[in-house]
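# Structural description and commentary
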Amino acid sequence: MEKLVIATRGSRLALWQANHVKDSLEAVHPGLAVELNIIKTKGDIILDVPLAKVGGKGLFVKEIEEALLSGAADIAVHSMKDVPMELPEGLILGIVPEREDPTDLFLSVDYDSLENLPAGAVVGTSSLRRQAQVLAQRPDLEVVSLRGNVDTRLRKLTEGQFAAIIMATAGMKRLGLSVPKECPLAPPAFIPAVGQGALGIEFREDRKDLAEMLSFMEHRPTRICVEAERGLLAGLDGGCQVPIAGHAEMLDDGTFELEGLVGEVDGSVIIRRKVTGRADEARAVGFALARSLAEDGGAEILARVYAR
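For the chain, the name recorded in an unreviewed UniProt entry is Porphobilinogen deaminase, with Bilophila wadsworthia as its organism.

Next comes the structure, spelled out in structure tokens:
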């Protein structure tokens, strides 16, 4: 194989991710030419509506998956938190590389932490998960929907539209960006999105050549943790626009710990549970935790969110 085409979104972060995979492939396979096929997705086009209201799963991947199925691209590089639980028939999540920092990041020009924001301060985020956790800690704040790519969000912060915004630490690190005041929002106090910080490489199931070519990028501990987190999300029938959080970490004995959270959007109720499990049953452990959260009140919370 002399040429390989990567399907990717056109945002700066998506291009960083695609180029990261491109550079890794070309370094390991001299003589391979890797091209990018930049595709606009529904989630990229509809920017004036909060994500939770756009609805549907796969807002940032559907058009990219169509390119894989049609042969217009060989592989796709996704942020794992954008990938729906069920992939189209014929496609697989073939490779999960080592994860970047999965935490969220508090960003501000003037304030150094969530605790130190003044009462009534406006915080920007596009995520109901982040909104629920922020308001659980600081019910006196105003959380406002903030859409757009990383640069757009940072511009709105520095222009003074928000006292603070919350974004994924991984995106800021990958793009080498910073603002005057930053504070990690990390477990156990603040649980990230399922798959946050992890990448997934998707391709057609019949492309055994790609599985072999890309195998050097597979990171088993990340795969196990992401599988457990995705099992949790699938068990709650969730997408990336709901107030569900999930974070798994490998333990020294080869098992993993998974923490899940479902929250009221206004932060008034937060349901959290934690389990441990074996690596070979990661998805099933996620499903079991989802059942526990649902029975403890999570099902009612999510029903209200879906009915909005």
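Now that the structure has been shown, the text picks up again.
## Structural notes on the overall build of the chain
Counting secondary structure elements, the chain contains ten helices and 13 strands. Computed over C-alpha atoms, the radius of gyration of the chain comes to 19 Å, within 12% of the 19 Å expected from 2.2 N^0.38 for 308 residues, which places it in the range of a compact globule. When the backbone C-alpha atoms are referred to their principal axes, the chain occupies close to 60 × 45 × 40 Å. By residue count, 53% of the 308 residues in the chain fall in the buried class. Pairs at least 24 apart in sequence give 70% of the contacts found in the chain among residues at least 6 apart. Each charge class in the chain was averaged separately, 35 positive and 46 negative side chains, and the resulting centres sit 3 Å apart.

## A few points about the environment of Asn116
Mapped onto the elements, Asn116 comes out in the loop between strand 5 (104–108) and strand 6 (122–125). Judged by relative accessible area, which is 46%, Asn116 ranks as partly exposed. Residues Asn116 and Asn37, spaced 79 residues apart in sequence, show a C-alpha to C-alpha distance of 44 Å. Apart from residues lying up to four places away in sequence, Asn116 is in contact with Tyr111 and Arg138.

## Thoughts on the environment of Val77
Residue placement: Val77 occurs in strand 3 (residues 75–79). Under the relative-accessibility criterion, Val77 is labelled buried at 5%. The sequence separation of Val77 and Thr8 amounts to 69 residues, and the corresponding C-alpha distance is 6.2 Å. Beyond its immediate stretch of four places on either side in the chain, Val77 contacts Ile6, Ala7, Gln17, Ala18, Val21, Leu199 and Gly200.

## Some thoughts on the pattern of salt bridges
Overall, the coordinates contain 22 salt bridges when judged by the stated rule. A salt bridge links Asp101 to Lys173, with the shortest nitrogen-to-oxygen separation between them at 3.4 Å. On the criterion of sequence distance, the pair formed by Asp101 in the loop between strand 4 (91–95) and strand 5 and Lys173 in helix 7 (residues 169–175) is long-range, its members being 72 residues apart. Arg130 serves as the salt-bridge partner of Asp104, at 2.6 Å between the closest nitrogen and oxygen. You can see Asp104 sitting in strand 5 and its partner Arg130 sitting in helix 5 (residues 128–137), a full 26 residues away along the chain. The pair formed by Asp104 and Arg130 is uniform in burial state, with each residue classed as buried. By sharing partners, the salt bridges in this structure join Asp74, Arg207 and Asp209 into a single network.

## Thoughts on the sheet that holds strand 5
In any sheet, the strands associate via hydrogen bonds between backbone groups, in a parallel or an antiparallel arrangement. If you trace the five strands from one edge of the open sheet to the other, you get 7-6-8-5-9, paired in mixed fashion. Strand pairing shows two members of the sheet lacking a second neighbour, strand 7 (142–145) and strand 9 (181–185), which therefore form its edges. Averaged over all pairs of adjacent strands, the angle between their axes in this sheet comes to 30°, without regard to strand direction. Bridging between strand 6 and strand 7 involves four bridges; their strand directions are parallel. In the sheet register, Val123 faces strand 7, and the bridge partner there is Val143. Here helix 5 sits on the sheet and contacts strand 5, strand 6, strand 7 and strand 8 (164–168); the angle it forms with strand 8, its principal contact strand, is near 130°.

## Some words on helix 6 (residues 150–158)
Of the positions making up helix 6, those classed as buried are Val150, Arg153, Leu154 and Leu157. Along helix 6, the residues classed as buried sweep out an arc of 95° about the axis, all on the same side. The secondary structure elements touched by the buried residues of helix 6 are helix 1 (12–28), strand 5, strand 8 and helix 7. N-cap assignment for helix 6: the residue whose side-chain oxygen lies 3.2 Å from the backbone N of Asp151 is Asn149. Looking one or two residues past helix 6, Gly160 carries a phi angle of roughly 95°, positive in sign.

## Brief notes about the sheet that holds strand 11 (residues 244–250)
Here three strands make up an open sheet; going across it, the order is 11-12-13 and the pairing antiparallel. Edge positions in the sheet fall to strand 11 and strand 13 (270–277), since each has one partner strand and no second. Put simply, the sheet's adjacent strands are angled 15° from each other on average, direction ignored. The pairing of strand 12 (residues 256–263) with strand 13 spans eight bridges and is classified as antiparallel. Its bridge partner lying in strand 13, Gly260 is registered against Arg273. Strand contacts of helix 5: strand 11, strand 12 and strand 13, with the helix running at about 90° to strand 11, the strand carrying the most contacts. Across the sheet, helix 9 (residues 220–235) is in contact with strand 11 and strand 12; its angle to strand 11 comes to roughly 150°.

So, how was this worked out
Each chain carries its own residue numbering, running from 1 in the direction its sequence is written. For a predicted model such as this one, the threshold for reporting local features is a pLDDT of at least 70, and the threshold for listing and counting side-chain atom pairs is 80 or more; totals across whole chains, interfaces and linings nevertheless cover every residue. The side-chain quantities take in all heavy atoms of the structure and omit both hydrogens and water. Under the scheme used here, helices are H or I runs from DSSP no shorter than 4 residues and strands are E runs no shorter than 2 residues, and both carry numbers assigned from the N terminus. Only C-alpha atoms enter the radius of gyration; for comparison, a globular chain is expected to reach 2.2 Å times N to the power 0.38, where N is the number of residues. Each residue is placed in one exposure class: buried if its accessible area under a 1.4 Å probe, protein chains only, is under 20% of its type's maximum, exposed if it is over 50%, and partly exposed if it falls in between. By definition, residues are in contact when any of their heavy atoms lie within 4.5 Å. Charge convention: Lys and Arg are scored as positive, Asp and Glu as negative, and His as well as the terminal groups of each chain are ignored. Every charge is mapped onto a representative atom, which is NZ of Lys, CZ of Arg, CG of Asp or CD of Glu. What counts as a salt bridge is simple: a side-chain nitrogen of Lys or Arg found within 4 Å of a carboxyl oxygen of Asp or Glu. At least two bridges found by DSSP between two strands are what make those strands a pair. Angles shown run from 0 to 180 degrees and are taken between the N-to-C directions of axes, each axis being a line fitted to C-alpha atoms and, for helices, limited to the stretch in contact. As used here, the arc is the angular range of directions from the helix axis to the C-beta atoms. N or O atoms closer than or at 3.5 Å make up a polar contact, with two conditions inside protein: a donor-capable atom paired with an acceptor-capable one, and, for residues adjacent in sequence, both atoms drawn from side chains.

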